[in-house]
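Spelled out, the chains give:
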Amino acid sequence: MAISNIRYGEGVTKEIGMDLQNLGARRVCLMTDKNLSQLPPVNAVLNSLAKYGINFQMYDNVRVEPTDQSFLDAIKFAKKGEFDAYVAVGGGSVIDTCKAANLYASSPTSDFLDYVNAPIGKGKPVTVPLKPLIAVPTTAGTGSETTGVAIFDFKQLKVKTGIASRAIKPTLGIIDPLHTLSMPERIVANSGFDVLCHALESYTALPYNMRSPCPSNPINRPAYQGSNPISDVWALHALRIVAKYLKRAIRNPEDREARANMHLASAFAGIGFGNAGVHLCHGMSYPISGLVKTYKPKDYNVDHSLVVKLAVFTFTAQIHPERHLEAAEILGADIRTARIKDAGFILADTLRKFLFDLNVDDGLAAIGYSKADIPALVKGTLPQERVTKLSPRPQTEEDLSALFEASMKLY
């Protein structure tokens, strides 16, 4: 279990200057995106850096939904700057980009594909020491401040992939709920769905003691270990918070209690899936994101694993149905007379009602896909072994085709 360092509380962003001072940082890279660079979260960080006399350079060219090229652009900036500490202010795109920049600036002779997950890259273990990285999440979704994962679109193959290593986990995550108060409704909704997806998948992933083969050396053990007793605690707690607070956080921007709790839930789910992993929903969502045609969500890039989730959990519930049933109960299902063999259908129906309530797109067809796209979607899923192998139930290409077909329409 890789432990995350978290500081929580309203206004704790003002302490970042002191943290960097305590670290002895003399040349800091502040990373964000163009939009956020003009908003209160970045201003709060800038005020703290100025107050404590921290020397820094800002990189605000982060791409929302990073690509291999946008990673490389940030890496070039980091190498040139020779920074001794990093601060990432933003959502998962910013934090993941900063992780990659820190990694490759610390390992300047490495080829980009050296650390990218196999089979797309070489998946080499990270053995070089990295610089301190403080992450300040501004959305309540990805949990990237707690994980050793950096995700990007690999344009050549039109799929999402990433880098996964405990070594790139931020040194400190600053969870300041003040940063969530200005989020528009759709960002609250779609980032909240990230939390839901992360918690559900990590709790239903293949158990850690069923993974094989065991690595010959601990350094080769992947960041994603499968569901385990420690991650389970975080995943279930995050799921309960989502069930209680997500709808409130979306519907009432003034509900500080709901928004603060969703910000915490994002970190809790991140600690859970950052160690247990996600599985088939995310594996199938990566080609959906990479191949998406004309669809553009309002305000925020939606987690496409949502639209395959109903079909996936109906499929995976044959293995460990009790976990699927427990998740359905947390999300509001009455399971007093439920049959264990119906666990997948019950969880899918519960999710369907939850997603319909919150105006989620009606399946793959609603985001521009048709049955003709299924072969390409299956082809894009096959390289995602890092996550698909964590599915509690193995899947064939025919299974994947059927799951994509079943996901064309949700309601």
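Our structure is the block above this text.
This section reports on the structure supplied with the text. (Residues numbered from 1 in each chain as written. Predicted model: local features only at pLDDT ≥ 70, side-chain atom pairs only at ≥ 80, totals over all residues. Heavy atoms only, no water.)

1. Topic: the side chain of Thr 381
Part 1: Among the structural elements, Thr 381 can be located in helix α12 (residues 374–381).
Part 2: Residue Thr 381 is classed as buried on the basis of its relative accessible area of 1%.
Part 3: Polar contacts involving the side chain of Thr 381 include one to the main-chain carbonyl oxygen of Leu 377, which spans 2.8 Å.
Part 4: Beyond its immediate chain neighbours, meaning those up to four positions away, Thr 381 contacts Gly 283, Met 284, Pro 287, Thr 388, Leu 400 and Phe 404. (Helix = DSSP H or I, 4+ residues; strand = E, 2+ residues; numbered from the N terminus. Buried < 20%, exposed > 50% of the residue type's maximum accessible area, 1.4 Å probe, protein only. Polar contact = N/O pair within 3.5 Å; in protein donor to acceptor, adjacent residues only side chain to side chain. Contact = heavy atoms within 4.5 Å.)

2. Quick look at the pattern of salt bridges
Part 1: One pass over the structure, following the stated rule, counts 20 salt bridges.
Part 2: Where Lys 160 meets Asp 153, a salt bridge forms, and the shortest distance between an N and an O atom there is 3.3 Å.
Part 3: Lys 160 gets classed as buried once you look at its relative accessible area, which sits at 8%.
Part 4: The partner of Asp 357 in a salt bridge is Lys 247, and the shortest N-O contact between them spans 2.8 Å. Taken together, the residues Asp 357 in helix α11 (residues 343–357) and Lys 247 in helix α6 (residues 229–251) connect sequence positions 110 residues apart.
Part 5: Among the ionic contacts, a cluster of salt bridges with common partners joins Arg 7, Glu 15 and Asp 19. (Salt bridge = Lys/Arg side-chain N within 4 Å of Asp/Glu carboxyl O.)

3. Details of the packing of helix α5 (residues 185–204) against α6
Part 1: For the pair α5 and α6, interaxial distance at closest approach is 9 Å and the crossing angle is 155 degrees. Taken together, the axis directions place α5 and α6 in an arrangement best described as roughly antiparallel. Seen from above, α5 lies across α6 with left-handed handedness. Contacts between α5 and α6 involve Glu 185, Val 188, Ala 189, Gly 192, Phe 193, Val 195, Leu 196, Ala 199, Leu 200, Ser 202 and Tyr 203 from the first element and Asp 232, Ala 235, Leu 236, Ala 238, Leu 239, Val 242, Leu 246, Ala 249 and Ile 250 from the second.
Part 2: Tallied by class, the residues present in the contact of α5 with α6 amount to 16 nonpolar, two polar and two charged. (Axes fitted to C-alpha atoms, helices over the stretch in contact; angles between N-to-C directions. Parallel < 35°, antiparallel > 145°, perpendicular 65-115°, else oblique. Left-handed = near helix turned anticlockwise from the far one by under 90°. Nonpolar A, V, L, I, M, F, W, Y, C, P; charged D, E, K, R; others polar.)

4. Some details on the sheet that holds strand β8 (residues 172–175)
Part 1: Here we have six strands laid out as an open sheet, ordered β1-β8-β5-β4-β2-β3, and parallel in their pairing. On the outer flanks of this sheet lie β1 (6–8) and β3 (56–59), each paired with one strand and no other. Across the sheet, the mean angle from the axis of one strand to that of its neighbour is 20 degrees, orientation sign disregarded.
Part 2: Relative to β8, β1 is paired through three bridges, and the arrangement is parallel. By the bridge assignment, Ile 6 is partnered in β8 with Gly 173.
Part 3: Against the sheet, helix α4 (residues 92–106) contacts β2 (28–31), β4 (85–90) and β5 (133–137), and its axis sits at roughly 165 degrees relative to β4. (Pairing = 2+ DSSP bridges.)

5. Observations regarding the nonpolar core
Part 1: Core analysis: the biggest nonpolar cluster contains 68 residues, and Leu 196, Met 262, Ile 288, Leu 364 and Phe 404 have the highest contact counts within it.
Part 2: In this structure, Met 262 is in contact with Ala 140, Gly 192, Val 195, Ile 241, Val 242, Tyr 245, Leu 246 and Ala 249, ignoring residues within four places of it in sequence.
Part 3: By size, the runner-up hydrophobic cluster in this structure holds 18 residues, among which are Val 12, Ala 25, Ile 54 and Leu 172. (Core = buried A, V, L, I, M, F, W, Y, C linked by side-chain atoms within 4.5 Å.)

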